[in-house]
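# Summary of the model geometry
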Amino acid sequence: MTKQELVRLLALEDFTPVYEEADRIRRETVGDEVHIRAIIEFSNICARQCRYCGINCTNPNIKYYQMTREEILATAREAIDAGYRTIVLQSGENPSLDREWMGSIVREINGMGATVTLSIGELSDEDFRYYRQQGADRYLLKHETADPDIYAELHPCGTLESRLHSLMAIHDLGYETGSGFMIGLPGQTLETIAEDLLLLKKLNCRMAGIGPFIPHPETPLANEKQGDPELTKRAVALARILIPDANLPVTTALGLVDGRENAFACGANVVMKKVTPDEYKEAYEIYPAMLDKTDIRKDRKLLEEQIRALGRIPV
Ligand code: SF4
């Protein structure tokens, strides 16, 4: 599909036929299985100043934390015992993160029988290589927006060029590459979203998280409008058509504003579940969210039941 075609589809009055096509492709390529991944937000320390993010380092109200190695491994163990086979280790971008420490955690979790996905920001090519050698299989690094001007406006600490360089390095190192973007960023148009979608394909993404922008009250974008859930679902459906066998999560932000059932129907096949211990969960507030108490085993069971009730198979 061309950019013009994507723009035309995004603007359709009745999107139903596109949803149906995305769902058909989803069934034929990745089937009815829904993959449930566990996310451990092990630290909210971040050196960046992304203007939409509640834990950007200019927010004076952040209560910083970093889980200990023992806490991370105990949480991963509990998640694996509850049935999870992929552990996503997520944090802010912390240039002081001890890579030997991190690498040993990746190895330990691998040894427990789980695949490790890292989401710890933009690193040097050497660090990306190191973590790959330690056994990390997937890397999530959202490009957030394909428009260099909007990117520059929102990210005083980085450039789109360097983001894309990192994403290409991740792919070349043999990681399963994950990117993604937000719907509803100030200045975004349907053309921008079309470019975002085409960029996912160009980057050979195997995972793409597409979620609505949700303003955080302690950021410079506090008074901006929230992203449109319907437009978000449209973008997910088009991503399914463009990269048919990709893993497309129902992002937590989309789950928040529009319920999970609808999100799956647009071609999604993955759901991410926070397993971060309660004492830390609230401090990892990229965008405002209602947080329930974590009970890893019970939450997993409930999610499996919800997925089965939709006629899908939790794995
Ligand atoms: S979006 Fe990520 S990199 Fe940017 S400030 Fe938030 S945690 Fe840091």
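Here, the structure is the one placed above.
## As for the overall build of the protein chain
When helices and strands are counted, the protein chain shows 13 helices and 9 strands. For the protein chain, the C-alpha radius of gyration of 18 Å lies close to 20 Å, the compact-globule estimate for 315 residues. Dimensions of the protein chain, computed from C-alpha atoms along their principal axes, come out at roughly 50 × 45 × 35 Å. Residue burial in the protein chain is summarised as follows: out of 315 residues, 43% are buried.

## Overview of the nonpolar core
With 79 residues, the main nonpolar core has I40, I87 and A239 as its most contacted residues. Here this core takes 6 residues from strand 1 (residues 33–43), the largest share from any one element. What I40 contacts, discounting residues up to four positions off in sequence, is I72, T75, A76, I87, L89, Q90, V275 and T276.

## Details of the pairing of strand 2 (residues 86–91)
Among the 6 residues of strand 2, 6 are classified as buried, and the element is accordingly described as predominantly covered. On strand 2, burial covers both faces: T86, V88 and Q90 on one face and I87, L89 and S91 on the other are all buried. Sheet analysis places strand 1 next to strand 2, joined by 5 bridges and oriented parallel. The residue bridging S43 from the neighbouring strand is S91, located in strand 2. Note that the unit made of strand 1, helix 3 (residues 69–81) and strand 2 has a crossover that is right-handed. Crossover handedness for the path strand 2 to helix 4 (residues 99–111) to strand 3 (residues 115–119): right-handed.

## Some thoughts on the pairing of strand 6 (residues 207–212)
Counting buried positions along strand 6 gives 6 out of 6 residues, so the element sits mostly inside the fold. On strand 6, burial covers both faces: M207, G209 and G211 on one face and A208, I210 and P212 on the other are all buried. Note that strand 5 (residues 176–183) and strand 6 share 6 bridges and pair parallel. Of the residues in strand 6, the one forming a bridge with S179 is A208. You can see the chain leave strand 5, run along helix 8 (residues 190–202) and come back into strand 6, and the turn it takes is right-handed.

## Some thoughts on the environment of T145
Within the secondary structure layout, T145 lies in the loop between strand 4 (138–140) and helix 6 (148–154). Setting aside residues up to four positions removed in sequence, T145 forms contacts with I150, Y151, F181, L185, Q188, T192 and D196.

## Concerning the site of the ligand
As a structural note, the neighbourhood of the ligand is formed by C46, R48, C50, C53, I55, N56, G92, E93, G121 and I286. Taken together, the residues of the shell around the ligand sort by class into 5 nonpolar, 3 polar and 2 charged.

## So, the packing of helix 8 against helix 9 (residues 229–242)
Across the interface, helix 8 lies against helix 9 with an axial gap of 10 Å and an inter-helix angle of 35 degrees. The handedness of the crossing between helix 8 and helix 9 is right-handed. Of the residues in helix 9, those in contact with I193, L197, L200 and K201 of helix 8 are A235, L238, A239 and L242. Taken together, the residues of the contact of helix 8 with helix 9 sort by class into 7 nonpolar, no polar and 1 charged.

Criteria and thresholds
Residues numbered from 1 in each chain as written. Predicted model: local features only at pLDDT ≥ 70, side-chain atom pairs only at ≥ 80, totals over all residues. Helix = DSSP H or I, 4+ residues; strand = E, 2+ residues; numbered from the N terminus. Rg over C-alpha atoms; globule rule 2.2 N^0.38 Å. Buried ≥ 20, exposed ≤ 12 C-beta atoms within 10 Å, placed from the backbone. Core = buried A, V, L, I, M, F, W, Y, C linked by C-beta atoms within 7 Å. Contact = placed C-beta atoms within 7 Å. Pairing = 2+ DSSP bridges. Right-handed = clockwise from strand over helix to strand, strands pointing away. Near = placed C-beta within 6 Å. Nonpolar A, V, L, I, M, F, W, Y, C, P; charged D, E, K, R; others polar. Axes fitted to C-alpha atoms, helices over the stretch in contact; angles between N-to-C directions. Left-handed = near helix turned anticlockwise from the far one by under 90°.

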